[in-house]
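Listed below, chain by chain, are the residues.
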Amino acid sequence: MSATRSPKVAERVAPKASDPQPQKKKRDDDDGPDFATLLRAWIESHRASLLDSLRRLGKQPIGSFFTCMVMAVALSLPMGLSLLLSNVERLGGSWQRAAQISLYLQLEATPAEGQALREQIKAMPGVADAEYISRDQALEEFQQQSGLGEALKELPENPLPGVVLVTPNEVDKPTLEALRQRLSELPKVQQAQLDLVWVERLAAILKLGDRFVFGLTVLLVSALLLVIGNTIRLHIENRRTEIEVIKLVGGTDSYVRRPFLYMGALYGFGAGILSWGVLAFGLDWLNDAVVGLAGLYGSDFALAGVPAADGLSLLLGAVLLGYIGAWIAVARHLRELAPK
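Here the residue numbering is sequential within each chain, running from 1 through the sequence in written order. Note on the predicted model: pLDDT of at least 70 is required for a residue's local features to be given, and 80 or more for side-chain atom pairs to be given and counted; whole-chain, interface and lining totals, by contrast, use all residues. To obtain the side-chain values, all non-hydrogen atoms of the structure were included, while hydrogens and water were left out.

Trainee: Could you give me a rundown of the sheet that holds strand β1 (residues 101–105), with the residues and numbers involved?
Mentor: A pair of strands is treated as paired once DSSP finds two or more bridges between them. Strands here mean DSSP runs of E at least two residues long; helices mean DSSP runs of H or I at least four residues long; both are numbered from the N terminus. Reading across the sheet, the four strands line up as β2-β3-β1-β4 and stay open at both edges, with antiparallel pairing between neighbours. The open sheet has two edge strands, β2 (127–133) and β4 (189–194), and neither has a second partner. Pairwise comparison of adjacent strand axes, ignoring direction, gives a mean angle of 20 degrees for this sheet. Inspection of the sheet shows β2 paired to strand β3 (residues 163–168) by six bridges, in the antiparallel sense. Counterpart to Y132 in the pairing with β3 is V164. Contacting β1, β2, β3 and β4, helix α5 (residues 111–122) crosses the sheet at an angle of about 175 degrees to β2. Note on geometry: axes are lines fitted to C-alpha atoms, helical ones only across the stretch in contact, with angles between N-to-C directions running from 0 to 180 degrees. Contact between two residues is taken to exist if any of their heavy atoms lie within 4.5 Å; hydrogens are not considered.

Trainee: Give me the pattern of salt bridges: which residues, what numbers.
Mentor: Between Lys or Arg on one side and Asp or Glu on the other, a salt bridge is scored when a side-chain nitrogen of the former is within 4 Å of a carboxyl oxygen of the latter. Enumeration according to the criterion identifies nine salt bridges in this entry. Residue D129 is joined to K122 by a salt bridge in which the shortest nitrogen-to-oxygen separation is 3.9 Å. Judged by its relative accessible area of 36%, D129 is partly exposed. One salt bridge connects E237 with R240, and the closest N-O pair in it is separated by 3.1 Å. Residues joined by salt bridges that share partners form a network here, namely D52, R55, R56 and R239. Exposure is judged per residue with a 1.4 Å probe applied to protein chains only, and the accessible area is read against the type maximum: over 50% gives exposed, under 20% gives buried, and values in between give partly exposed.

Trainee: Can you lay out the packing of helix α11 (residues 253–296) against helix α12 (residues 308–334) for me, pointing to particular residues and giving the numbers?
Mentor: At their nearest, the axes of α11 and α12 sit 7 Å apart, and the two run at 150 degrees to each other. Overall, the two elements α11 and α12 adopt an arrangement that is roughly antiparallel. As for how α11 packs across α12, the hand of that crossing is right-handed. Under the grouping applied here, Gly and all other residues not named as nonpolar or charged are polar, the nonpolar ones being Ala, Val, Leu, Ile, Met, Phe, Trp, Tyr, Cys and Pro and the charged ones Asp, Glu, Lys and Arg. Taken together, the residues of the contact of α11 with α12 break down into 19 nonpolar, six polar and two charged. Each angle is binned into one of four classes, with values under 35 degrees roughly parallel, values over 145 roughly antiparallel, values of 65 to 115 roughly perpendicular, and all other values oblique. A crossing counts as left-handed when the near helix is turned anticlockwise from the far one by less than a right angle, and as right-handed when that turn is clockwise.

Trainee: I'd like a rundown of the UniProt feature "transmembrane region" (unreviewed entry) in the protein, residues and numbers included.
Mentor: As annotated by UniProt and renumbered to match this structure, "transmembrane region" (unreviewed entry) occupies residues 62–85, 212–232, 260–281 and 301–330. Secondary structure content for residues 301–330 is 77% helix and 0% strand, while the C-alpha to C-alpha distance between its ends is 49 Å. UniProt positions are given in the numbering used here, feature names are shortened, and annotations may be inferred rather than shown by experiment.

Trainee: Mind laying out a negative patch on the surface, listing which residues take part and the relevant values?
Mentor: On the surface, E131, D136, E140 and E141 cluster together into a negatively charged patch. By residue number, the principal contributor to the negative patch is helix α6 (residues 135–146), which donates three residues. Relative to the assigned elements, E140 resides in helix α6. On the basis of relative accessibility, which here comes to 46%, the residue E140 falls in the partly exposed class. Residues qualify for a patch when their relative accessible area is over 30% and they have no salt bridge, like charges being joined within 9 Å and the nonpolar side chains of Val, Leu, Ile, Met, Phe, Trp and Tyr within 5 Å. Each accessible area is a Shrake-Rupley estimate made with a 1.4 Å probe; only the visible protein chains count as cover when residues are assessed. The positive count covers Lys and Arg only, the negative count covers Asp and Glu only, and His and the chain ends enter neither. For the purpose of locating charges, the reference atoms are NZ of Lys, CZ of Arg, CG of Asp and CD of Glu.

Trainee: Pulling in residues and values, what's your account of the packing of aromatic side chains?
Mentor: Within 6.5 Å between ring centres, the rings of Phe, Tyr and Trp (the latter by its six-membered ring) count as paired, and their orientation is classed by plane angle as stacked under 30 degrees, edge-to-face over 60, tilted in between. Applying the stated criterion across every chain yields a total of two aromatic pairs. With a centroid separation of 5.7 Å and 70 degrees between ring planes, the pair formed by F65 and F66 is classed as edge-to-face. Directly above the ring of W327 sits R257, whose terminal nitrogen or CZ lies 4.5 Å from the centroid. The rule is short: NZ of Lys or CZ of Arg within 6 Å of the ring centre and within 35 degrees of the ring normal puts a charge over the ring.

Trainee: Outline the nonpolar core, listing residues and values.
Mentor: Among buried residues, those of type Ala, Val, Leu, Ile, Met, Phe, Trp, Tyr and Cys that are joined through side-chain atoms within 4.5 Å constitute a nonpolar core. Among the nonpolar cores identified, the biggest contains 33 residues, and L75, I232 and Y267 are the most heavily contacted of them. For this core, the secondary structure elements donating two or more residues are α3 (61–91), α9 (197–238), α11 and α12. Counting residues per element, this core draws most heavily on α11, at ten residues. Not counting residues within four places of it along the chain, the set of residues in contact with Y267 comprises L57, S64, T67, C68, M71, I228, T231 and H235. Counting 17 residues, the second-largest nonpolar core is a separate cluster that includes L103, L117, V127 and L183.

So, in structure tokens, the structure goes:
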């Protein structure tokens, strides 16, 4: 009886060849973590490095402040000189007005002819404005400025001609010379005079100042990189044992480098903020003396402050300098940090 039952039991226990075999469930993590997980890990690593750098700088507030202050002074010098040169250029007045062409009219030219000539010149290409000064106005101004009013009254007639002052659109010596030649051929014009000597001198001085600022900027940027590099090197030496342990357990160079890069960028950010404040305070302090001096000459000139665009450029440049200086310092010493 048992022999007749055993095949049925065997059929129930052993699966048939046609029956589907159970599939093993695949694990979801066979292909590694997904992109979102990697991104969160990357962000968390950078956040931890930034907070660690802030914490370490906060533990040495005085040293960190003076490091940022040294960098701020070095950044303020070239930027301050550049802003002063810009104000000197603005003090020189409008370049177009400084390069005016004076047209001396013939003595027999009437005021009506002078006004008509002014309108004709004003409509010419390359001319921004034209102003007519009559003979009587010229004599009156000469009497006031020369102090010879009583002597000039004894003259039988007015010896001064009418003048048309022509303001060009742009200051370019060949263009101005061609315009002067064209104006001198107009009727009723006796002489056309163009004086660009002092304009050329001022342009040469400003060009020399620009080169000086560029050279000073290169020197101070090199000094800033050395300051940042030396500061980061000290931080590396203080954490040498910790870094060697990190590399011993498999820490990558980028993981070791990251906190120091954030530290250099933070130094640069602090230096940029301090430099912006130093420049704003310095120009405001100097502006009082400049306004007083300009008032003695009947001028309302005042120093312009630090433009927002220049301030942001200064801040961004300081952060980049700190980052680059830290990168150079870490790259130089990274090969020495291998565990021994």
